[in-house]
Each structure stands twice: as structure tokens, then as C-alpha cells.
Amino acid sequence: LPTVYSKKHGISFEEAKEMIIALLEAEQGKLNWYCLDYWEEKLKLDIMQLKKDTAHLIQVHEHVKGFLEAARENKKQIYLVTNAHRKGIKLKMQVTQLQNYFDGIVSSHDFGIAKQEQEFWGQLMKVINFDKERAIFFDDSLDVLKSASKFKIKNIVAINKPSTKIEKKIIPGFINIENFSQALPL
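Just so we're clear, the structure is a prediction, and the values are computed from it rather than from any experiment.

Calculation notes
- Residues numbered from 1 in each chain as written.
- Predicted model: local features only at pLDDT ≥ 70, side-chain atom pairs only at ≥ 80, totals over all residues.
- Heavy atoms only, no water.
- Pairing = 2+ DSSP bridges.
- Helix = DSSP H or I, 4+ residues; strand = E, 2+ residues; numbered from the N terminus.
- Axes fitted to C-alpha atoms, helices over the stretch in contact; angles between N-to-C directions.
- Core = buried A, V, L, I, M, F, W, Y, C linked by side-chain atoms within 4.5 Å.
- Buried < 20%, exposed > 50% of the residue type's maximum accessible area, 1.4 Å probe, protein only.
- Contact = heavy atoms within 4.5 Å.
- Left-handed = near helix turned anticlockwise from the far one by under 90°.
- Nonpolar A, V, L, I, M, F, W, Y, C, P; charged D, E, K, R; others polar.
- Polar contact = N/O pair within 3.5 Å; in protein donor to acceptor, adjacent residues only side chain to side chain.

Engineer: Teacher, can you tell me more about the sheet that holds strand 3 (residues 136-139) here?
Structural biologist: Across a sheet, paired strands are connected by hydrogen bonds in the backbone, their directions being either parallel or antiparallel. Spatial ordering of the open sheet is given by 3-4-5, a layout of 3 strands whose pairing is parallel. At either end of the open sheet lies a strand with only one pairing partner, and these are strand 3 and strand 5 (175-177). Each neighbouring strand pair of the sheet contributes to a mean axis angle of 30°, computed without reference to strand direction. Direction of pairing for strand 3 relative to strand 4 (residues 155-159): parallel, over a ladder of 4 bridges. For Phe 137, the partnering residue across the bridge sits in strand 4 and is Ile 156.

Okay, here's the thing in C-alpha cells:
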């Protein structure tokens, strides 16, 4: 992103990087942070094209399909509940072909509220009406995990290595797993 931005706007890579980091930090945890339309307007770049150009980096984590198949075999309802923008979700589903594993895909953009906010969970309940005592919620964001906990979801699991490109980080206050093999058997 800084490389493309610096070329388009005629500034150095370092200037572009500093500016983009400042903009990202100002929106972190808010819906805009996840909104591709917002960033396209703010940065005057075709963010979706940049995502398509790097789609080869999208990968299904090891053990995810096995976990989803086991959940399906055990007649569990499976929802992808994400802060990701619908355009980004569509691209990821095209690449991963995971969409048929889910009973539904819910984006926080559908409600105009990020998962970090309590209002999100109330809206989610209206859509999928899950049992807070029996549901299992997985996420890699401490703010989102805390929000789910505050909403009284009983079973919350932190994914402490959401990408093969980053080191594992222990997320305090929650059960931590590195991959979905650790969530089996159901």
C-alpha cells in the first residue's frame, strides 16, 4: 500500500508509510478500519484492485476444513461473523471456496457497527438467534474477544496465530489455540 500510494502521489515510500500508519491507527477498532470503500475514498486508490493483485496470498489455514467438516458432521450451525467488508469477503470466498461450509456469513458492515461494539451483538442475535451458553466464538482480536465476553458469550476462544506470516501471540484472559486442530474433537 505505501509503495502504490507513494508512486501515485509523488512522495517517498517512508512518507507514505508514516501517513498510512497514522490514518490506520486513527480508525483502528472502528468500522472504517475494515471498510474498503472508506479507504478507497480516503487514499484515492483502487483498494479492491490491490486486494485482487495480492489474492495469491490468501490461504486456508491448515486444519480449518477439517474443523468445519467435523462441525457439519456433528450438525452444528456454522457462521462466519466478521468485520471484513463484503467486497473483501467475496474475494476471499472466491479464492478459498469455503462459502459452502457456512450456514451464513455476517459482516459487521451489514449493521454499520464493528464487532468491538455491544450493539453489534444485539443485531447479530436478531439475525441468527444463537444460544450464548452453547455457542463457541473464535477470534484473534482482543477487543472483539472482550466485547463477546461482555455480551456474555460463554465459550470464547482466541486464535493466537491468525496468520502463518506472524508469530504466535498469547491473548490474555481467554483459551488460546494456534490452529483449529486444537478445537477438535467437537
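The rest of the description comes next.
Engineer: Explain the nonpolar core here, please?
Structural biologist: In summary, soluble globular proteins display a tendency toward joint burial of nonpolar side chains. Judged by nonpolar contacts, the single largest core of 19 residues is most densely connected at Trp 121, Leu 124, Phe 130, Phe 137, Leu 145, Ile 153 and Ile 156. When residues of this core are traced back to their parent elements, those giving at least two are helix 8 (118-128), helix 9 (142-150) and strand 4. The biggest single contributor to this core is helix 8, with 4 residues. Excluding residues that lie within four positions of it along the chain, Phe 137 makes contacts with Lys 115, Trp 121, Val 144, Leu 145, Ala 148, Ile 153, Asn 155, Ile 156 and Val 157. Membership of the second largest hydrophobic core comes to 15 residues, among which are Phe 67, Tyr 101, Val 157 and Phe 180.

Engineer: How should I be thinking about the packing of helix 1 (residues 2-9) against helix 2 (residues 13-27) in this particular structure?
Structural biologist: Pairs of packed helices are described in terms of their axes, by the angle between the two and the distance that separates them. Two elements in contact, helix 1 and helix 2, have axes whose closest approach is 8 Å; the angle formed by their N-to-C orientations is 115°. Relative to helix 2, helix 1 is oriented so that their crossing is right-handed. Where helix 1 approaches helix 2, its residues Pro 2, Thr 3, Tyr 5 and Ser 6 are matched on the opposing element by Phe 13, Ala 16, Lys 17, Met 19 and Ile 20. Partitioned by chemical class, the residues of the contact of helix 1 with helix 2 number 6 nonpolar, 2 polar and 1 charged.

Engineer: Just to check I follow, could you spell out the side chain of Asp 139 for this structure?
Structural biologist: The residue Asp 139 is located in strand 3 in this model. Owing to a relative accessible area of 9%, Asp 139 belongs among the buried residues under this scheme. Polar contacts involving the side chain of Asp 139 include one to the side chain of Lys 115, which spans 2.5 Å. Setting aside residues up to four positions removed in sequence, Asp 139 forms contacts with Lys 115, Val 144, Leu 145, Val 157, Ala 158 and Ile 159.

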